[in-house]
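Tertiary structure, described
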Amino acid sequence: MSERKSDRVSASRSATESRGETFYPGPSRTPLGAYPPRERWDDWVELDAKAWPKRVERHCMLVPTTCFNCESACGLLAYVDRETLEIRKFEGNPEHPGSRGRNCAKGPATLNQVNDPDRILYPLKRAGRRGENRWQRVSWDEAMADIASRIRKAIVEKRPNDVMYHVGRPGEDGYTERVLAAWGVDGHNSHTNICSSSGRAGYQLWMGYDRPSPDHANADLILLISAHLESGHYFNPHAQRVMDGKARGAKLVVLDVRLSNTATHADHWLAPWPGSEPAILLAIANWLIQEERYDREFVRRYWNWQEYLEAERPGEPASFEAFEKALKRLYAEYSFAFAERESGVSAAVVQEVARLVAEAGPRLSTHNWRSAAAGNLGGWQVSRTLFLLNALMGAIAVPGGVFPNAWNKFVPKPIHTPPHPQEWNELTWPQEYPLAMNEMSFLLPHLLKDGRGRLEVYFSRVYNPVWTNPDGLSWIEAISDESKVGLHVALTPTWSESAYFADYVLPVGVGSERHDLHSYETHDAQWIGFRQPVLKEARERLGQKIADTREVNPGEVWEENELWIDLSWRIDPDGELGIRKHFESKREPGTKLTVDEYYAFIFENSVPGLPEQARSFGLTPLEYMRRYGAFEVSRQVGAQYTAAVPEAELVDVKRTASGRAYARSEKPASPNLVPVPSPDPDADGRRPVGIEVDGTVVRGFPTPSGRLEFYSSTLRAWGWPEHALPGYIRSHVHPQSLEPGEVPLIPTFRLPVQIHTRSANAKWLDEIAHTNPLWIHPTHAAELGVATGDLVRVLTRIGYFVVKAWVTEGIRPGVVACSHHMGRWKLEGPGQRQMMPTVSLRHEGTLWDLRRERGVEPFASADPDTSRIWWTDAGVHQNLTFPVQPDPISGMHCWHQAVRVKRAEPGDRPGDVSVDTAKSREAYVEWLARTRPAERYSPDGTRRPYWLLRPLKPGREAYRLPAARERS
Ligand code: SF4
């Protein structure tokens, strides 16, 4: 550094102290004295570490972007060398309200991804069979023309749903959904049903919003069913706020079958039998109810208890007192002793946690995302029973409680808003799963094999279905078959197992090479974060004009924003299909929309406060976001559900018996930062505007009743009356369901420094974590005669994998666990050599074998570090051996597996996998039989309750089942 650290610190201090502040003068509001003050971001001077011991100064431009390595979207600052225009490093952006200048290891490792010698730099077209891993370079023009013509043909021939876009990490708020809507395609497919659907379902059933926003920093008790401190949801932004809460004196309780890093920080670590979490949560709820330690007024005002009484206890008085009596009876069976029997956690410990919940009162922050909800049949009851505690304590949208996500998130209106498609896609929303939270994405191979449709063009985008989904070999069978998938286009920044089965592999950018806009619920505030191609911004600050990100990115790496605009123009070159208009400039009608105009429009027109903030810096809103990368729209949004509905909206109001208020007014007159609930209108066409509470109409929640739904009339109406209340569903790995010798395998946990598929191209991360051994308790290991490092076979219903054992007391006895963040592999030929061993993949009929031919090895490249690779292991791809196990209600894949563990056999090698996809098919059919399909159970002839969220929401007519359409 040209300045000693103390100089830097004092420079920064002077910037803050001149404002009378003791922290970095940005929205992070945190003591970040060592951060470069923003006044000097244009020319920040540091010493060149590589030139040591010489003292060589490097002048850098600090250009903000956001990390693309998980969903948190933390702010990054790229240090761009002014002389060489190379990115020297990434550090945190102190202007970012969510991450507040902090990152996990994966943020700075973005630099590895930029410089990865094995990255895909040019468009590739397959030169052999799918899966042969032979490629030829093609021009973007050739690839785009071919893809566009096929999509156009499908649209013109009225087969719009033959086009599918399957996304892994979106990293943006709705850009691509709007592209699909403009094409009239109901082809959005997400990864959510292998990720968070069950967690979401529990929240949505309660409040109409599918995600929680816990205020950990102000809580007295933080109750987590997740590994938040190392890998949970909104990992870094939440982890730092959990620590803020602990620093304030909050207690931390963690439910986790294994000793996660988070559990090591807990006051109470509870390691329940997998899937028994609701038994514990219900025992706590029951104690609060029986002891009357809950917030009675909150329950009286905001729960839909009246609806419950009317529907389920029509003979009883419709009074709150009657409801309270019923509540006591409903939950009386869930004693602490019951919780102990189900979970194995001592009743005394559960009782102690219940006492902490009662003492925390409304300062109770809780969170469940993947974890137990993602592992178990009925996992959606985990988040539902967890939120029951918040709903009992009134710990909702108050300091230290849990907010609905939409109130702590801001999604601005874009320049064009195309209507949603009018078609229903049976390949993503099959009628057997009318209540699925998200697309039944992981069933796609089976739905294709059923003959339910065909794909003309299938985009996998930053998504690796073969590796990430269960039953990956069925995926290979399906996407290798050109009669099922006409063209597979892999949009990816790096090699993936699925890309080997593509027709085109198109290189898209990493976090510093693309534009995206996003906002996440990290705390009680609303912010937007702006990802941008940092070298474009750096060059433009130096006066260069950049028309296309391919001019600044490595090779011909292209950002997707530009790609989608270009592709849409090619699909509809003269505008006759009505598509092109959604990708045209407003400033210069008839010309192509630029990415600059797209974001300038949003920042100028759709983000309250941003134009004024920019003006105070002498910048346009776009310039401001390019300079600082984030903007805080509002803070302390508070309890929107208690907001009184303005008189102007209350035109011709009609109220239901349970207090739902409907009015004839149009949309709310006053601009509202918070999305307004819009369930169905009443029979006379009035719009739901709120709920009546003690004589005042307040906003309430976007549920059918407008209240917090303790009782789900939706579940009852759609054939699941036994689950209409928060309750306990015994998991498919409950002891009663296991055969002798079987144990549950927990495959759902992450490693803090890896990122599913994309981290294989980050050498720093690979060196830290490159294996996923099987966690096994010493007592279990002794029974098997296994020691740490020994190879074991783990047998699932459809096959087996071979893995090293790690004997540890950090796992509950009788349960084994293996992280899903490992086990990458490559075929002979191109691939990510630092983390993908070379395998052979063979099959005879439905019997598949994946054998490791060579481990990871050092290799020569432009990066000398690749010749220093010392590890050979890369873990095992366990997901290949898992059958699909869709929850019949939420649609979530139930990840936990009933397995047998035995010593490896002679010839077994680490990473070996063997699977029979005929058995996968049997499992699919068996789990499908558990559903209650819309055709039989729909109460109104529709495919799905209209009020439930859906990423692309077709028109009402498309919701009607074919039989109902025919009848009319
Ligand atoms: S938590 Fe880590 S990986 Fe995720 S966005 Fe933040 S820095 Fe990136």
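Structural data are supplied above this passage.
Below is a short write-up of the structure. (Residues numbered from 1 in each chain as written. Predicted model: local features only at pLDDT ≥ 70, side-chain atom pairs only at ≥ 80, totals over all residues. Heavy atoms only, no water.)

1. Section: helix 19 (residues 534-541)
Among the 8 residues of helix 19, 6 are classified as buried, and the element is accordingly described as predominantly covered. Looking at helix 19, one finds that the buried residues are Val534, Leu535, Lys536, Glu537, Ala538 and Arg541. Those residues of helix 19 hidden inside the fold are in contact with strand 2 (57-66), strand 3 (75-81), strand 4 (87-92), helix 21 (595-605) and helix 23 (621-628). Positioned one or two residues after helix 19, Gly543 has a phi angle of 100 degrees, which is positive. (Buried < 20%, exposed > 50% of the residue type's maximum accessible area, 1.4 Å probe, protein only. Helix = DSSP H or I, 4+ residues; strand = E, 2+ residues; numbered from the N terminus. Contact = heavy atoms within 4.5 Å.)

2. Some remarks on unusual backbone geometry
Backbone torsion omega between Trp52 and Pro53 reads 10 degrees, so that peptide bond is classified as cis. Look at Val462: it is not a glycine, yet its phi comes out positive at around 40 degrees. Looking at where Val462 falls in the secondary structure, it is placed in the loop between strand 15 (455-461) and helix 17 (465-468).

3. Quick word on the nonpolar core
By size, the foremost hydrophobic cluster in this structure holds 76 residues, and its most contacted members are Trp303, Phe323, Leu708 and Phe710. Sorting elements by how many residues they give to this core places helix 8 (residues 277-290) first, with 10 residues. The residues touching Phe710, leaving out its near neighbours within four places in the chain, are Trp206, Trp303, Asn304, Tyr308, Phe323, Leu327, Leu330, Tyr331, Arg384, Ala724, Leu725 and Pro726. Formed by 66 residues, the second largest nonpolar core is a distinct cluster that contains Val138, Leu180, Val508 and Tyr598. (Core = buried A, V, L, I, M, F, W, Y, C linked by side-chain atoms within 4.5 Å.)

4. Looking at the packing of aromatic side chains
Counted according to the given criterion, the structure contains 47 aromatic pairs. Between Trp407 and Tyr641, the aromatic rings sit 6.0 Å apart at their centres with planes inclined by 15 degrees, giving stacked as the arrangement. Separated by 234 residues along the polypeptide, Trp407 in the loop between strand 14 (402-404) and helix 16 (444-449) and Tyr641 in the loop between strand 20 (630-635) and strand 21 (654-655) bring together distant segments of the chain. For Arg137, the ring lying beneath its charged end belongs to Tyr122, and the centroid distance is 3.5 Å. (Phe/Tyr/Trp six-rings, centres within 6.5 Å; stacked < 30°, edge-to-face > 60°. Lys NZ or Arg CZ within 6 Å of the ring centre and 35° of its normal.)

5. Section: the site of the ligand
Taken together, Cys67, Asn69, Cys70, Ser72, Ala73, Cys74, Asn103, Cys104, Lys106, Gly107, Phe235 and Asn236 form the complete shell of residues around the ligand. Residue composition of the shell around the ligand, by class: 6 nonpolar, 5 polar and 1 charged. (Near = heavy atom within 4 Å. Nonpolar A, V, L, I, M, F, W, Y, C, P; charged D, E, K, R; others polar.)

6. A few points about the side chain of Gln834
You can see Gln834 is positioned in the loop between strand 29 (816-817) and strand 30 (838-844). Among residues more than four places away in sequence, those in contact with Gln834 are Asp118, Ala760, Asn761, Ala762, Lys763, Asp766, Val856, Phe859, Thr866, Ile869 and Trp871.

7. Notes on the pairing of strand 28 (residues 799-807)
Where strand 26 (residues 774-776) meets strand 28, 3 bridges bridge the pair, whose relative direction is parallel. Of the residues in strand 28, the one forming a bridge with Ile776 is Val807. The pairing of strand 27 (residues 791-795) with strand 28 spans 5 bridges and is classified as antiparallel. Bridge pairing in strand 28 places Val792 opposite Val803. Counting the residues in the hairpin turn of strand 27 and strand 28 gives 3 residues. (Pairing = 2+ DSSP bridges.)

8. Remarks on the packing of helix 8 against helix 13 (residues 347-360)
Orientation of helix 8 relative to helix 13, taken along the N-to-C sense of each, is 55 degrees, at an axis distance of 9 Å. Between helix 8 and helix 13, the interaxial angle falls into the category oblique. Taken as a pair, helix 8 and helix 13 cross one another with a handedness that is right-handed. Packed against helix 8, whose contacting residues are Ile280, Ala283, Ile284, Trp287 and Leu288, the element helix 13 presents Val350, Gln351, Val353, Ala354, Arg355, Val357 and Ala358 at the interface. The class makeup of the residues in the contact of helix 8 with helix 13 is 10 nonpolar, 1 polar and 1 charged. (Axes fitted to C-alpha atoms, helices over the stretch in contact; angles between N-to-C directions. Parallel < 35°, antiparallel > 145°, perpendicular 65-115°, else oblique. Left-handed = near helix turned anticlockwise from the far one by under 90°.)

9. Looking at the state of the cysteines
Applying the stated criterion to the full structure yields 0 disulfides. Here Cys894 stays free of any disulfide, with the sulfur of Cys195 as its closest cysteine sulfur at 14 Å. You can call Cys894 buried: its relative accessible area is 1%. (Disulfide = S-S within 2.5 Å.)

10. Looking at the pattern of salt bridges
Applying the stated rule across the entire model yields 93 salt bridges. In this structure, Arg58 engages Asp48 in a salt bridge whose closest nitrogen and oxygen atoms are separated by 3.8 Å. Pair noted here: Arg58 is in strand 2 and Asp48 is in the loop between strand 1 (44-47) and strand 2, with a separation of 10 residues, a long-range link. Taking relative accessible area as the criterion, Arg58 reaches 13% and is therefore assigned buried. Since its relative accessible area comes to 13%, Asp48 is described here as buried. Notably, a salt bridge pairs Glu157 with Arg159, separated by 2.6 Å at the nearest N-O pair. (Salt bridge = Lys/Arg side-chain N within 4 Å of Asp/Glu carboxyl O.)

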